[in-house]
Amino acid sequence: MANASSVKEILIEMKTLSEICIDLAFASLMYSDELVAKQVFFIEKEIDDLYKKLLTHLSLSIKSTSMAQQFHIYFTIGEATNIISDSAADIASLVQRNIVVDDEIKELQNHMEQVVDLVRINEKSILIGESELSSDIHDVIGVDIVGIIRPEEGFFTEYNKIMKEGDLVIFRAPLECANAFIMLANGEITSVDEARVRIIEQKEKKPEKKLRKHQELLVDMKEKAELLVDFSYILALEDLPSIKNLIIQTEEEIDELQYKIIEEVLSLYKNDKISKNTLIAYLRMADSFEEIADAAVKIAFGIATKHKPYRILEAIVDDSSEALYFISINTDSPYLNKTVREAEQTGDYFQILALKRKGKMIFEPEGDVIIRKGDGLIVKEFSSPEDE
């Protein structure tokens, strides 16, 4: 959608690119990869251009005060996604400045709900000659390819892009699914179905190595900032008091987490417990996640008037790379009586953000919680190639 021409197309493209930008920035820092960092800057520039295009479209469309109020949310989403991409570029800029992070930052991945990783396609991999679409890796093992970097050719995000030997694949997935995909890329597993069997047979494993306090704080801050973005779009679509209260509470928690991270890493650096590069990386990431959280709040409370329906807003949420929706659990539901973890691995992989039970919201439910009749699930799904 490089030539997005309507307000809807521009906003869908901006949201999708901003999500890709965050993943790429985090991966570039974890591996000190300049090639990945360059793609972050390229996407940031593309989002800047789309934002200017959006402002022109909206400005020319406004004919009255009521239309200005109606379009306010779209101005806000454009501004917020632009801020998010700028924050991602701030993280990637550390790579450009030759800030090589210690292994302790790389350990953070093993403690996150979704891993952002990269792997090079080995000559023995069965993925050669396949795309994300043809290989079924999204629906079968829950892997979403963020992009493929092919030296001297460029960066590709199309679902039908054929993988070749030597391609650098940036992807996101739950940890156990990420490990299976890496084995596929390395040629250690010979089929996607075999990879799925391995994932299902695995018990949910907790990382052996515990995080130190400053590491835990950063993981908590990153996941809360991402959750805040998800819930902000939900609140923009529907005025839910429980979600509104959660957003206010989470924003306050993120502000407090940033202060605690700064305090903790400065103390560690003064006592020679972490390097200067690690200190800089933590400070920059904490600042970026706080900016992402502020952008999310702009979206959540950016509606000047509660007119319905927000058809364009609904399309932005449904058609971007990360879709949000609500599932009601009845007697015919395939998720009935399954645990949260089992449900997340049934059919299309998704992430359960919240479980609604008897009028109460359980946010980020544990993997062993049983889903019952009458429950409701707020779900985030990384869009399948078949949805395109």
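Above this note sits the structure.
Residues numbered from 1 in each chain as written. Predicted model: local features only at pLDDT ≥ 70, side-chain atom pairs only at ≥ 80, totals over all residues. Heavy atoms only, no water.

Asks: What should I look at first to understand the overall build of the protein in this one?
Replies: The number of helices and strands found in the protein is 13 helices and eight strands. Computed over its C-alpha atoms, the radius of gyration of the protein comes to 21 Å, within 12% of the 21 Å expected for a compact globule of 388 residues. Judged by the C-alpha coordinates and their principal axes, the protein covers about 60 × 55 × 45 Å. The contacts of the protein with a sequence gap of at least 6 include a subset with a gap of at least 24, amounting to 77%. When the accessible area of the protein is evaluated, it comes to approximately 17800 Å², of which 48% is carbon and sulfur surface. (Helix = DSSP H or I, 4+ residues; strand = E, 2+ residues; numbered from the N terminus. Rg over C-alpha atoms; globule rule 2.2 N^0.38 Å. Contact = heavy atoms within 4.5 Å. Areas by Shrake-Rupley, 256 points an atom, 1.4 Å probe, with all protein chains shown as cover.)

Asks: How should I be thinking about the packing of helix α10 (residues 241-270) against helix α11 (residues 276-300) in this particular structure?
Replies: Each pair of packed helices can be summarised by the angle the axes make with each other and by the distance between the axes. One can describe the packing of α10 onto α11 by two numbers: an axis separation of 10 Å at closest approach and a directional angle of 170°. Taken together, α10 and α11 sit at an angle that is classed as roughly antiparallel. Note on element contacts: α11 touches α10 through Lys276, Leu279, Tyr282, Leu283, Ala286, Asp287, Glu290, Ala293, Asp294, Val297 and Ala300, opposite Ile247, Glu251, Ile254, Asp255, Gln258, Ile261, Ile262, Val265, Leu266 and Tyr269. (Axes fitted to C-alpha atoms, helices over the stretch in contact; angles between N-to-C directions. Parallel < 35°, antiparallel > 145°, perpendicular 65-115°, else oblique.)

Asks: In this structure, what is going on with the environment of His72? I would like to understand it.
Replies: In this fold, His72 is placed in helix α3 (residues 65-96). Taking the C-alpha atoms as reference points, His72 and Leu58, 14 residues apart in sequence, are found 9.3 Å from one another.

Asks: Help me understand the packing of helix α1 (residues 7-31) against α3 in this model?
Replies: Following both chains from N to C, one finds α1 and α3 inclined at 20°, their axes separated by 8 Å at the closest point. As the angle between them shows, α1 and α3 are arranged roughly parallel. In this structure, α1 crosses over α3, and the sense of that crossing is left-handed. Where α1 abuts α3, its residues Leu11, Met14, Lys15, Ser18, Cys21, Ile22, Ala25, Ser28 and Leu29 lie against Tyr74, Ile77, Gly78, Thr81, Asn82, Ile84, Ser85, Ala88, Ile91, Ala92, Leu94 and Val95. (Left-handed = near helix turned anticlockwise from the far one by under 90°.)

Asks: Even after reading the chapter, I still don't get the nonpolar core, so can you show me in this structure?
Replies: For soluble globular proteins, nonpolar side chains are generally found buried alongside one another. Counting 91 residues, the largest nonpolar core has Leu24, Ile170, Phe231, Met285 and Phe289 as the members making the most contacts within it. Ranked by size, the runner-up nonpolar core spans 24 residues in total, among them Leu127, Ile141, Met163 and Ala185. (Core = buried A, V, L, I, M, F, W, Y, C linked by side-chain atoms within 4.5 Å. Buried < 20%, exposed > 50% of the residue type's maximum accessible area, 1.4 Å probe, protein only.)

Asks: Can you help me understand the pairing of strand β4 (residues 168-173) in this one?
Replies: Successive residues of a regular strand alternate their side chains across the two faces of the sheet. Burial within β4 is extensive, with six of its six residues counted as buried. Taking every second residue as pointing to the same face, both faces of β4 are buried, with Leu168, Ile170 and Arg172 on one and Val169, Phe171 and Ala173 on the other. Sheet analysis places strand β2 (residues 144-150) next to β4, joined by five bridges and oriented antiparallel. In the sheet register, Asp144 faces β4, and the bridge partner there is Arg172. (Pairing = 2+ DSSP bridges.)

Asks: Would you mind going over the pairing of strand β7 (residues 360-363) with me for this structure?
Replies: With four bridges joining them, strand β6 (residues 351-357) and β7 adopt antiparallel strand pairing. Residue pairing for β7: Leu355 is matched across the bridge by Ile362. Where β6 folds back onto β7 in an antiparallel hairpin, the turn is made up of two residues, including Lys358, whose phi is positive at roughly 50°.

Asks: Help me understand the side chain of Lys222, please; the structure alone is not making it clear to me.
Replies: Along the polypeptide, Lys222 turns up in helix α9 (residues 213-237). In this view, Lys222 contacts Phe26, Met112 and Phe289; residues no more than four positions away in its chain are not counted.

Asks: Looking at this structure, how should I read the pattern of salt bridges?
Replies: Side chains that differ in sign of charge can pair as their charged atoms come close. Enumeration according to the criterion identifies 16 salt bridges in this entry. A salt bridge links Arg150 to Asp167; the nearest nitrogen and oxygen atoms lie 2.7 Å apart. With a gap of 17 residues between them, Arg150 in strand β2 and Asp167 in the loop between β3 (154-156) and β4 connect regions that are remote in the sequence. Accessibility expressed as a relative area gives 6% for Arg150, which makes it buried. Put simply, Asp23, Asp144 and Arg172 are held in one network by salt bridges that share partners. (Salt bridge = Lys/Arg side-chain N within 4 Å of Asp/Glu carboxyl O.)

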